[in-house]
Amino acid sequence: MGTEVVKAVNAADDLEVVAMVDSGDWLFDIANAGAQVVVDFTRPDVVMDNIRFCIDNNIHCVVGTTGFDEEKLATVAQWLEPKPDLGVVIAPNFGIGAVLLMRFAQEAARFFPSTEIVELHHPHKVDAPSGTAVRTARLVAAARRSAGLPPSPDATTDSLPGARGADVEGVPVHAVRLTGLVAHQEVLMGAAGETLTIRHDSYDRASFMPGVLLAVREIGRRPGLTVGIESFLGL
Ligand SMILES: NC(=O)C1=CN([C@@H]2O[C@H](COP(=O)(O)OP(=O)(O)OC[C@H]3O[C@@H](n4cnc5c(N)ncnc54)[C@H](OP(=O)(O)O)[C@@H]3O)[C@@H](O)[C@H]2O)C=CC1
Ligand SMILES: O=C(O)C1=N[C@H](C(=O)O)C[C@H](O)C1
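Residues numbered from 1 in each chain as written. Chains lettered and ligands numbered in written order. Predicted model: local features only at pLDDT ≥ 70, side-chain atom pairs only at ≥ 80, totals over all residues. Heavy atoms only, no water.

Within an unreviewed UniProt entry, the label attached to the protein chain reads 4-hydroxy-tetrahydrodipicolinate reductase, and the organism entered is Geodermatophilus ruber. Looking at the Subcellular location (unreviewed entry) heading of the UniProt record, one finds this comment for the protein chain: "Cytoplasm". Looking at the protein chain in UniProt, the text filed under Sequence similarities (unreviewed entry) is "Belongs to the DapB family." (UniProt positions renumbered as here; feature names shortened; annotations may be inferred.)

In structure tokens form, the structure reads like this:
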């Protein structure tokens, strides 16, 4: 993703790459280069340190790295409190289609007693389930709660552990890792006699770039913590 972001920024007339940092590199290279915005696609176990560094050095952050729970998000929001002009956006998916999939799933959830999520990715993915699947499940679960839906009626028992997927706030999430895939997700919803399937496919990492560039351009005007790029898209 880092390579793809550098390509996209280099191709944009109004943006400039001033530093590139990989594991083992010195983070101060970013501050010394005068970076205004850092884009982080690294690893869940290092991203918090990177964000802390950027906030301490007054650099806005666009974060695509996954692995954020409510506690980590609250920590970032707290770090930002003494810096009222600084912005951090943390988005589990910068693909416009994936953002829309999440919104459509959230809208549809209250009409269906059953929802399950299947995410499918390339075999080198470091985390499972994907950040997008976890966020989708949480949005669906929240929509179900606000609509007063009871827990889904589907069997949760499995004869082999894991067969029914991971339980994210009552929504089963299944992760497929397969050579040939990039990033894909299906949300399956069921009611008596009908199903609705919402699917998104990223066939190329270029799919994430319009969202990343939008966030880079926008973050200077969005102080505080923003989760997801929905608001940048006017959703
Ligand atoms: N939000 C979105 O739209 C998307 C999010 N992602 C997420 O982005 C993350 C990265 O994905 P991907 O690019 O495929 O993963 P890769 O493993 O291909 O790349 C991660 C890179 O981060 C580097 N890195 C590791 N630690 C540090 C550090 N401390 N400082 C700087 N660089 C570091 C790694 O270097 P080295 O190899 O030397 O360790 C590697 O080059 C994942 O969490 C993934 O889920 C991915 C696609 C889209
Ligand atoms: O690692 C990936 O590839 C991706 N990660 C993000 C996630 O975990 O949701 C976004 C997209 O699915 C690609």
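Now that the structure has been shown, we can carry on.
**Q** Tell me about helix H6 (residues 131–146), and name the residues and values.
**A** The periodicity of an α-helix, 3.6 residues per turn, causes residues three or four places apart in sequence to face the same way. The end-to-end C-alpha distance of H6, which contains 16 residues, comes to 23 Å, matching closely the 22 Å that a straight helix rising 1.5 Å per residue would cover. By the burial criterion, the buried members of H6 are Gly131, Thr132, Ala133, Val134, Thr136, Ala137, Leu139, Val140, Ala141, Ala143 and Arg144. In this structure, the buried residues of H6 make contact with helix H5 (96–108), strand E4 (114–121), strand E5 (166–168), strand E6 (171–177) and strand E7 (183–191). At the C-terminal side of H6, Gly148 shows a positive phi close to 75°. (Helix = DSSP H or I, 4+ residues; strand = E, 2+ residues; numbered from the N terminus. Expected span 1.5 Å × (residues − 1). Buried < 20%, exposed > 50% of the residue type's maximum accessible area, 1.4 Å probe, protein only. Contact = heavy atoms within 4.5 Å.)

**Q** Go over the pairing of strand E2 (residues 60–63) with me, naming the residues and quoting the values.
**A** Of the two faces of E2, the one lined by His60 and Val62 and the one lined by Cys61 and Val63 are each fully buried. Direction of pairing for strand E1 (residues 37–40) relative to E2: parallel, over a ladder of four bridges. The partner of Val39 across the bridge, within E2, is Val62. Where E2 and strand E3 (residues 87–90) come together, three bridges link them in parallel fashion. (Pairing = 2+ DSSP bridges.)

**Q** Got a sec to walk through the UniProt feature "domain: Dihydrodipicolinate reductase N-terminal" (unreviewed entry) in the protein chain? Specific residues and values, please.
**A** Mapped onto this structure's residue numbering, the UniProt feature "domain: Dihydrodipicolinate reductase N-terminal" (unreviewed entry) falls at residues 1–94. Secondary structure within residues 1–94 divides into 38% helix and 13% strand; the distance between the first and last C-alpha atoms comes to 11 Å.

**Q** So what about the sheet that holds E5? Which residues, and what values?
**A** As summarised here, the arrangement of the five strands in space is E5-E6-E4-E7-E8, forming an open sheet in which the pairing is mixed. Each edge of the open sheet is held by one strand with a lone partner, namely E5 and strand E8 (194–202). The sheet shows a mean angle of 20° between the axes of neighbouring strands, direction not considered. The sheet contact formed by E4 and E6 spans five bridges and is parallel. Bridge pairing in E6 links His121 to Arg177. Set on the sheet, H5 makes contact with E7 and E8; between it and E8 the angle comes to about 165°. Across the sheet, H6 is in contact with E4, E5, E6 and E7; its angle to E4 comes to roughly 170°. (Axes fitted to C-alpha atoms, helices over the stretch in contact; angles between N-to-C directions.)

**Q** So what's going on with H5? Residues and values would help.
**A** The terminal C-alpha atoms of H5 lie 18 Å apart, and with 13 residues this matches the ideal 18 Å at 1.5 Å per residue to within 8%. Contact partners of the buried residues in H5: H6, E7 and E8.

**Q** Tell me about the site of ligand 2, residues and numbers included.
**A** Taken together, 13 residues lie near ligand 2, and His121, His122, Lys125, Gly131 and Thr132 sit nearest. The separation between an oxygen atom of ligand 2 and a polar side-chain atom of Thr132 is 2.4 Å. One nitrogen or oxygen atom from the side chain of Arg205 is found 3.0 Å from an oxygen atom belonging to ligand 2. Split by residue class, the shell around ligand 2 holds three nonpolar, seven polar and three charged. (Near = heavy atom within 4 Å. Polar contact = N/O pair within 3.5 Å; in protein donor to acceptor, adjacent residues only side chain to side chain. Nonpolar A, V, L, I, M, F, W, Y, C, P; charged D, E, K, R; others polar.)

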